[in-house]
Every structure is written in C-alpha cells, then in structure tokens.
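Here is what each chain is made of, one letter per residue.
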Amino acid sequence: MPDIARPMTASAITGPGDGSADIHPFGEGRSGAAPSPADAILPLGVRGLCYRAGGRPLVGPVDLDLHHGVKTAILGPNGAGKSVLLRLMHGLLTPTAGTIRWNGRIADAGILRRQAMVFQTPVLLRRSVAENIAYVLRLRGWPRAQRATRVGEMLALGRLGDFARVPARVLSGGEKQRLALVRALAARPEVLFLDEPTASLDPASTAAIEAIVERAAAAGTKIVLVTHDIAQARRLADEVVFLDRGRLVERSAAFRFFARPASPEAAAFLAGDLLY
Amino acid sequence: MQDFTAAVGLAVRLLATADPDLVEIVSLSLQVSLTALIIAALVGLPLGACLAIGRFRGRSVAIVVVNALMGLPPVVVGLIVYLCLSRAGPFGVLGLLYTPAAMIIAQTVLVLPIIAALSRQILEDLNRDYDEQLRSFGVGWRGSVATLLWDARASLATVLLAGFGRAIAEVGAVIIVGGNIDHVTRVMTTAIALETSKGNLALALALGLVLLLIALAVNALAAALRQSMPEAARA
C-alpha cells in the first residue's frame, strides 16, 4: 500500500529523499513518525480572532486550540463564519484582530507549505490530471524521479489512474474533487483544511472523498473539516466546533455534541430548526 | 477587372520565380514584424500579468492607459518615434532613423499595448479562478505570474497573433521612420503604398496578395501549434 498521506516534518519538507519519511507504509505516520514537538506546527492556537468585512463582523472573537491526532469538524448553519474561520487559520485572510500561532509561532511561508486546503469548488489547473499533482510536488522541491512515483501513488489513491493524461477540467464533479484532495495530500501536509468538500457531490462520490480523508487522518494528517452536513460530521469528526453568527458557541467531543449539545443554538441546529 | 487578373497573374509569377526583390521585401517585412512582436511579447506579457494580479496604487489608471493605447494611431506613433530618433531628438545620436531598427521600435510601440491589454484581461479572468488556490499552495507573486502565463498559453497565442497582424499590416508609422528606402527599409505595406501612388496597381495588388497569403500562413501555423498543444492546455 502506498505511503500516501503521512505528513512531512520540517526536516523532511524539502523532499522525500532526505530521511525516513519515504519508507514508512501508509498508516505508520501517527505512531511511527509523529513530528517532534519542536518540528511540529501543531497545536494551532487561535486567540481573540476577529474578522470584519464591509464594516460587518463575520467572525469573532474566537479562541480555539487545535491538536494533532483529532479530526475536527467546524459545524454551523450557513453564514456562521465557518469558511471564513478556515481561511483565517490557513492564512488566506488576514484577521482584523487576534493572533494565530502554530506551535507558538506566527505563520510564515514555511508553515503555510506544511498545510493544504481543499475548497468547496475544486480549483484545477489547466493541465492534465497527473500534471496537477506534479505541480504541487515541484513547488515543494521534490526531485523529478520521486515526483513520478508520488504522482502514481496519488492517482491510485484517488482512483484516477485511467485519467492521468486527461485534462483535469473535463473530469466529473466527483473526480475533480478527488483530484483536488489527492493533490492536496501529495506533499504530505501536516494539516489539511477541508471547506465543505462534498457539498455538491452525490453519495458515492462523498463516500470516496470521506474514505480518502479517513486514510489521511489515520496516517497522521490533522483534519479540519468545515461542513453543514450533520451526518458527515457524525461520520468523520472526533470533535466538533460549533459556530453561530461568527461566534464559537460550543466545542466538545463529537459523541457528546451529537448526544447532548450543550448550547441551545447547537441543539436547535441539530433539531433542524432555523437559527435566524 | 483586367488589373485584377493581371495582378493575380503577376503575383503567381513573382511567387513562382521567387523574385529577388519580392523575397527581399517579404523577408524584411517578416524580420521587422517578428522582431517587434518578440520584443513586445517579452515586455507585454509580464506587464499584462502584473496588471492582472498586482494590487497597487494607480493600477486602474494604468489599465485604462494601456487599454487606450491599443488604439494608438500609427502615424502619431511614427511621428513621435521620428522626433525621438531624428538628429535633434533625444536618441538622434544612435543614428537609427531610416533603418529597420527604427521600424522595429515603431511597431513595438504599436503592438505592446495590444499584447499587454489583451493578456491582462485573459490573465485576470484566469487569476480569478486560481488566486486562492495558488495562495493556498504558497505560490509567490513570481510563481503566480509564471503559472498563469503557462496555463493561459493557448489563449495568449491568439493575442500574439493579433499583435503580429497589427505589425505586419502597419504602414503609417514605418513609412515615417523607415522612409521606404529601396533595399533598406522597404517592406510590403510601404511598397504597396508606393506602387499604388505610381499607378502600378498590378504590382501593388500582387504584393497585397502576398501579404494576405502570409497572414493566412501565420494563422494556419498558429492553429497547428494550438492543435499540437496538450489538450489540457486548451480545456
């Protein structure tokens, strides 16, 4: 089975040939090659995080800590600020106030390169399926020979082997999202942000995406998933962060959240009531 | 009608015999226009990319100016380049006036805004798709420009064609700065203008037909190149 998602530590980020990162089979990452505390970018610490746009507060203030080894679902109704919070954590948006620290450090280019994000609508380059994956590996400095092997592994993971030379933009919706996901995992990110990755997919495609996410998590990649799909959060999440109108209303273990939500907003959301 | 028939006959004869004067004029035309196109592309494509993805003060004004320059009247460009290169001008010391170099400069000035403005629009549209994903990848500013230029190469080939069309068909500027000197700066368009003014309509029409054939050949070549590109680049 290919080593498809075990995250790379800072010392291994320059490529697969400079350490033991390459030789572990898929699944050994969590116990066998967990990043050392000094190397790791987790935990992620968010303090007093606010974001305003057009004079309107969209998020915050939010305080949140995210740890390695736990699949986190950020849940909430539309407009709760879930995607904005995800973009703030990933560095795509600049907070209006507050701080985001990765293992105590302010995010820099090196830290960003150890994360990946998959968007609700996959953004694929005007290249072939294989070249889309190779692009990320080239960015991360993988040598040409290892790139080819890794691309093959990722194509197999995404069940896209038959489409290697096909233009990425002519794939079906489910295939596109699988490609976006395996492309994100190709360089072995330590943290994977997923912004409603199955929002417009059918059940079979959703199951395929979730299976890849589960395997990445099992290999040690931290999963942060934004969704408003309660069933998906039940299936995937170990913990739930519930947002409502930009505020963090509740955070608890997934089993507890779904059994006994502590906040009336979460209870109403789970009951299917309109919150606004 | 007789003129037209005679022109076609003459054109065929000139082409079939590879008339030395015709070959010289066609060669110089291609040399001047392709050189101008290459220079304009080397400057215009990165400039278009900078305008497409850059966020700086005065960007909107710069876009308006570049768009407006697409409609530059060739004779005005010819006049300005003439004034710059004339003996009393700031670059008179270079002695470029009435040389192919002067014609290349004039055509570059004409083609550059076309390439910059059209590529800016294409790359801005593509960047609207790519921007967030490229930033998520950690791609820097230069990397973004390179990625956009590469992924839009099929569309940009059409932009270059438009630029070449403008250059090869241009007469007003090159006749001012080149002087239409036989065996030195005579290109197809200036030769056509000269032969028409002399009443030699058959030769003028023959040259016109050659010009049309070249335009067709270049477009056919571009279409073939586009077809040979990987399908992914065109999707």
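Everything quoted here is computed from the prediction, not taken from an experiment. (Residues numbered from 1 in each chain as written. Chains lettered and ligands numbered in written order. Predicted model: local features only at pLDDT ≥ 70, side-chain atom pairs only at ≥ 80, totals over all residues. Heavy atoms only, no water.)

1. Focus: the overall build of chain B
Within chain B, the regular secondary structure consists of eleven helices and zero strands. As displayed, chain B offers around 11500 Å² of accessible surface, 70% of which is attributable to carbon and sulfur atoms. (Helix = DSSP H or I, 4+ residues; strand = E, 2+ residues; numbered from the N terminus. Areas by Shrake-Rupley, 256 points an atom, 1.4 Å probe, with all protein chains shown as cover.)

2. Overview of the interface of chain A and chain B
Facing the 20 residues of chain A at the interface are 20 residues of chain B. Buried surface at the junction of chain A and chain B, summed over both partners, amounts to about 1900 Å²; 54% is from carbon and sulfur atoms. Scanning the region where chain A abuts chain B turns up three salt bridges. Between E132(B) and R87(A) there is a salt bridge; the shortest N-O distance is 2.6 Å. Every element with two or more residues in the side of chain A that touches chain B is listed here: α2 (82-90) and α4 (129-139) of chain A. (Contact = heavy atoms within 4.5 Å. Buried area = accessible area lost by both parts, 1.4 Å probe. Salt bridge = Lys/Arg side-chain N within 4 Å of Asp/Glu carboxyl O.)

3. Observations regarding the pattern of salt bridges
All names here are of chain B. Overall, the coordinates contain 19 salt bridges over all chains when judged by the stated rule. A salt bridge links R59 to E124, with the nearest nitrogen and oxygen atoms 2.9 Å apart. With a gap of 65 residues between them, R59 in helix α3 (residues 59-69) and E124 in helix α5 (residues 100-137) connect regions that are remote in the sequence. Under the relative-accessibility criterion, E124 is labelled buried at 15%. (Buried < 20%, exposed > 50% of the residue type's maximum accessible area, 1.4 Å probe, protein only.)

4. What about the side chain of T189(B)?
Tracing the backbone shows T189(B) in helix α9 (residues 188-197). Discounting chain neighbours no more than four positions away, the residues touching T189(B) are I168(B), A169(B), E170(B), V171(B), V174(B) and L211(B).

5. With respect to the sheet that holds strand β5 (residues 105-106) of chain A
Residues and elements named next belong to chain A. With antiparallel pairing, the four strands of this open sheet are ordered in space as β2-β1-β4-β5. In this open sheet, the two strands that pair with only one neighbour each are β2 (56-66) and β5. As paired elements, strand β1 (residues 44-53) and strand β4 (residues 97-102) share five bridges and run antiparallel to each other. Each bridged residue has a counterpart across the sheet, and for G45 the counterpart in β4 is R101. Where α2 meets the sheet, it contacts β1, β2 and β4, and its direction lies at approximately 60° from that of β2. (Pairing = 2+ DSSP bridges. Axes fitted to C-alpha atoms, helices over the stretch in contact; angles between N-to-C directions.)

6. Examining the nonpolar core
Taken as a class, soluble globular proteins show a tendency for nonpolar side chains to be buried jointly. Counting residues in hydrophobic clusters, the biggest one holds 79 residues, and the most contacted among them are I133(A), L179(A), L181(A) and L192(A). The element best represented in this core is helix α2 (residues 20-53) of chain B, accounting for ten residues. The contacts of L179(A), once residues within four sequence positions are left out, are L124(A), V129(A), N132(A), I133(A), L160(A), A168(A) and L171(A). Residues I74(A), L88(A), I100(A) and V226(A) belong to the second largest nonpolar core, which totals 29 residues. (Core = buried A, V, L, I, M, F, W, Y, C linked by side-chain atoms within 4.5 Å.)

7. A few points about the packing of aromatic side chains
In this structure the tally under the stated criterion is six aromatic pairs over all chains. With a centroid separation of 5.8 Å and 50° between ring planes, the pair formed by Y135(A) and F137(B) is classed as tilted. Of the two residues, Y135(A) sits in helix α4 while F137(B) sits in helix α5, which places them in two different chains. No difference in accessibility class separates Y135(A) from F137(B), as the two residues are buried. Taken together through their ring pairs, the aromatic side chains of F242(A), F257(A), F258(A) and F269(A) make up a single cluster. For the cation-ring pair, R153(B) lies above W150(B), with the distance from its terminal atom to the ring centre recorded as 3.9 Å. (Phe/Tyr/Trp six-rings, centres within 6.5 Å; stacked < 30°, edge-to-face > 60°. Lys NZ or Arg CZ within 6 Å of the ring centre and 35° of its normal.)

8. What to know about the confidence of the model for chain A
Low pLDDT marks stretches whose predicted atomic positions should not be read closely. Taken over all residues, the pLDDT of chain A has a mean of 84, while the share at 70 or more is 85%. Confidence drops under pLDDT 50 across residues 9-36 of chain A; counting only partners more than four residues distant or on other chains, this segment forms 63 contacts. (pLDDT = per-residue confidence, 0-100.)

9. Looking at α2(A)
Residues and elements named next belong to chain A. Extensive coverage of α2 is indicated by the burial of eight of its nine residues. Looking only at α2, the buried set comprises K82, V84, L85, L86, R87, L88, M89 and H90. Within two residues after α2, G91 carries a phi angle of roughly 90°, on the positive side.

10. Quick notes on the sheet that holds strand β9 (residues 239-244) of chain A
Residues and elements named next belong to chain A. Read from one edge of the open sheet, six strands run β6-β7-β8-β3-β9-β10, paired in mixed fashion. Of all the strands in the sheet, the pair left with one neighbour each is β6 (115-118) and β10 (247-253). When the angles between neighbouring strand axes are averaged without regard to direction, this sheet yields 15°. With six bridges connecting them, β9 and β10 associate as antiparallel partners. Its bridge partner lying in β10, E239 is registered against A253.

11. Things to note about the packing of α5(B) against helix α7 (residues 153-168) of chain B
Relative orientation and spacing of two packed helices are given, respectively, by the angle between their axes and the distance between those axes. Residues and elements named next belong to chain B. It is the contact of α5 with α7, at a shortest axis distance of 9 Å, that shows an interaxial angle of 155°. Between α5 and α7, the angle falls in the class roughly antiparallel. Where α5 crosses over α7, the handedness of that crossing is right-handed. Contacts from Q107, L110, V111, I114, I115, L118, S119, I122 and L123 of α5 reach α7 at S155, L156, V159, L160, A162, G163, R166 and A167. Among the residues forming the contact of α5 with α7, the class breakdown is twelve nonpolar, four polar and one charged. (Parallel < 35°, antiparallel > 145°, perpendicular 65-115°, else oblique. Left-handed = near helix turned anticlockwise from the far one by under 90°. Nonpolar A, V, L, I, M, F, W, Y, C, P; charged D, E, K, R; others polar.)

12. Notes on the side chain of N132(A)
By secondary structure assignment, the location of N132(A) is in helix α4. Discounting residues that sit within four places of it in the chain, N132(A) has contacts with L124(A), L125(A), R127(A), A168(A), L179(A) and R183(A).

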